[in-house]
Amino acid sequence: MNAVIENMKTRRSIRRYMPDEMPSEELIRQVIEAGIYAPTGMGRQSPVIIAVTDKAARDYLSELNAGVLGVDSDPFYGAPVVLVVLADKNIPTYLYDGSLVMGNLLNAAHAVGLGSCWIHRAKEVFNTPEGKALLKEWGIVGDYEGIGHCILGYAADKDVPVAKSRKTDYVRYVK
């Protein structure tokens, strides 16, 4: 079987990380590179990726996300890296563009040996005054919406979750 397809079939969302084991900058760059090559509507490249590797900034993002969720636990499961995907709402395909970036990031992370998971609530986080302040601090100007947080790191558990069986009517062929 093709290695790319096999990678897609074996990737799983990881929900426990080794928080003190930071992936190398090279691995993070490789994952990001896959993200920036995701297809976008008419090639407009509406998304922006913010790579958060600073622990204090990562912890603050976690706190904001937990606040939206209404919990005081870490919604990033201890992952030391957060790749925030935002997209320009002025581009009609922004939501799809950002989602494709997220998919590429998740698949690339698995390909380079990292665990990953899509954490939601980026839209809500960056609609808060604190989230808007972060965007300003990061130099993000314009009408950007949070699409997702791609958390990265080394899985705390070496046993990868097993894929659920695919539903029997997933595909319908029209001939």
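Here's a quick rundown of the structure.

About the criteria used
Residues numbered from 1 in each chain as written. Predicted model: local features only at pLDDT ≥ 70, side-chain atom pairs only at ≥ 80, totals over all residues. Heavy atoms only, no water. Helix = DSSP H or I, 4+ residues; strand = E, 2+ residues; numbered from the N terminus. Rg over C-alpha atoms; globule rule 2.2 N^0.38 Å. Buried < 20%, exposed > 50% of the residue type's maximum accessible area, 1.4 Å probe, protein only. Patch = residues over 30% accessible without salt bridge, like charges linked within 9 Å, V, L, I, M, F, W, Y side chains within 5 Å. Areas by Shrake-Rupley, 256 points an atom, 1.4 Å probe, with all protein chains shown as cover. Salt bridge = Lys/Arg side-chain N within 4 Å of Asp/Glu carboxyl O. Pairing = 2+ DSSP bridges. Axes fitted to C-alpha atoms, helices over the stretch in contact; angles between N-to-C directions. Contact = heavy atoms within 4.5 Å.

Considering the overall build of the chain
Phase 1: Scanning the chain from terminus to terminus reveals 6 helices and 4 strands.
Phase 2: If you list the helices and strands of the chain from N to C, you get α-α-β-α-β-α-β-α-α-β.
Phase 3: Since a compact globule built from 175 residues should have a radius of gyration of about 16 Å, the 17 Å found for the chain is in line with a globular shape.
Phase 4: Projecting the C-alpha coordinates of the chain onto the three principal axes gives extents of approximately 50 × 40 × 35 Å.
Phase 5: Counting every position in the chain, which comprises 175 residues, the buried fraction comes to 39%.

With respect to a nonpolar patch on the surface
Phase 1: A surface patch of nonpolar side chains, amounting to about 410 Å² of accessible area, comprises Tyr-170, Val-171 and Tyr-173.
Phase 2: Tracing the sequence through the fold places Val-171 in the segment after strand E4 (144-153).

Some remarks on the pattern of salt bridges
Think of it this way: side chains of opposite charge can pair up when their charged atoms draw near.
Phase 1: Applying the stated criterion to the full structure yields 8 salt bridges.
Phase 2: We note a salt bridge from Asp-169 to Arg-172, for which the minimum N-O separation is 2.9 Å.
Phase 3: Residue classification places Asp-169 among the partly exposed residues on the basis of a relative accessible area of 39%.
Phase 4: For Arg-172, a relative accessible area of 64% puts it in the exposed group.
Phase 5: Where salt bridges share partners, they join Lys-55, Arg-58, Asp-59 and Asp-74 into one cluster.

Brief notes about the sheet that holds strand E3 (residues 115-119)
Phase 1: Taken in spatial order, the 4 strands make up an open sheet running E1-E2-E4-E3, and their pairing is antiparallel. Of all the strands in the sheet, just strand E1 (47-52) and E3 have a single pairing partner and so form its edges. Strand-to-strand twist across the sheet, computed as the mean angle between neighbouring axes with direction ignored, equals 20°.
Phase 2: As paired strands, E1 and strand E2 (residues 81-88) are joined by 6 bridges and run antiparallel to one another. In the strand pairing of E2, Ile-49 is matched with Val-85.
Phase 3: In this fold helix H4 (residues 94-111) packs onto E1, E2, E3 and E4, with an angle of close to 5° to the strand it touches most, E4.

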